[in-house]
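# Fold and geometry: a report
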Amino acid sequence: MKTMRKALVAGAIAAALSAPAFADYPSDVAEKFGRGLSNGALGWVEFGKNLYNEPVQHGPLYAPVGLLKGVAHAVGRTLVGAIDVASFLIPSPSFVQPNYVWEHMDTETSYGVK
């Protein structure tokens, strides 16, 4: 009986200490789901973004580079969005920066958790 009481007390303490960690869970999963939907649906915007940015930043001869980067980042952002939607119940930081394609349109997209 004492062992069971100790286990219940230890469980109650553990639950009380972990409650703040779960306080943001609903907003975290909602944010990840929305980010995933957005990136999955609007990944193609990377095509135009890079096709514009490369010649502006490096000169008109970089238009083919912008085209290739645009295709690569469009595919990458769309895939990351699909993975975020599929795993939205597991909160995690964004794997693509900027988080949304319309943020910081003049910066190149990068991948990896920061």
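The structure presented is a predicted model; accordingly, all values stated were derived computationally and were not measured.

Helix and strand counts for the protein come out as four helices and two strands. What you see in the protein, going N to C, is helices and strands ordered as α-α-α-α-β-β. Of the contacts formed within the protein by residues at least 6 apart in sequence, a portion of 65% connects residues at least 24 apart. Entry remark: accessible area of the protein is about 7,400 Å², with carbon and sulfur atoms responsible for 74%.

This paragraph deals with the packing of aromatic side chains. On inspection of all chains with the given rule, the structure shows two aromatic pairs. Considering the side-chain rings of Tyr100 and Trp102, the 5.0 Å spacing of their centres and the 20° angle between planes classify their relative orientation as stacked. Judged by relative accessible area, Tyr100 falls into the buried class, the value being 17%.

Along the chain, the position of Lys49 falls in helix α3 (residues 45–58). Discounting chain neighbours no more than four positions away, the residues touching Lys49 are Pro98, Val101, His104, Met105, Thr107 and Thr109.

In this section: the confidence of the model for the protein. Summarising the model, the protein shows a mean pLDDT of 88, and 83% of its residues fall at 70 or more. When pLDDT is averaged over each helix and strand of the protein, the minimum, 64, is found for helix α1 (residues 2–22) and the maximum, 96, for helix α4 (residues 63–86).

Time to look at a nonpolar patch on the surface. A grouping of Phe47, Leu51, Leu67, Val71, Val75 and Leu79 is seen on the molecular surface, where their side chains present a nonpolar patch of about 480 Å² in accessible area. Residue assignment for the nonpolar patch shows that the elements contributing at least two residues are α3 and α4. Note that Leu51 resides in helix α3. Judged by its relative accessible area of 33%, Leu51 is partly exposed.

How each quantity is defined
Residues numbered from 1 in each chain as written. Predicted model: local features only at pLDDT ≥ 70, side-chain atom pairs only at ≥ 80, totals over all residues. Heavy atoms only, no water. Helix = DSSP H or I, 4+ residues; strand = E, 2+ residues; numbered from the N terminus. Contact = heavy atoms within 4.5 Å. Areas by Shrake-Rupley, 256 points an atom, 1.4 Å probe, with all protein chains shown as cover. Phe/Tyr/Trp six-rings, centres within 6.5 Å; stacked < 30°, edge-to-face > 60°. Buried < 20%, exposed > 50% of the residue type's maximum accessible area, 1.4 Å probe, protein only. pLDDT = per-residue confidence, 0-100. Patch = residues over 30% accessible without salt bridge, like charges linked within 9 Å, V, L, I, M, F, W, Y side chains within 5 Å. Salt bridge = Lys/Arg side-chain N within 4 Å of Asp/Glu carboxyl O.

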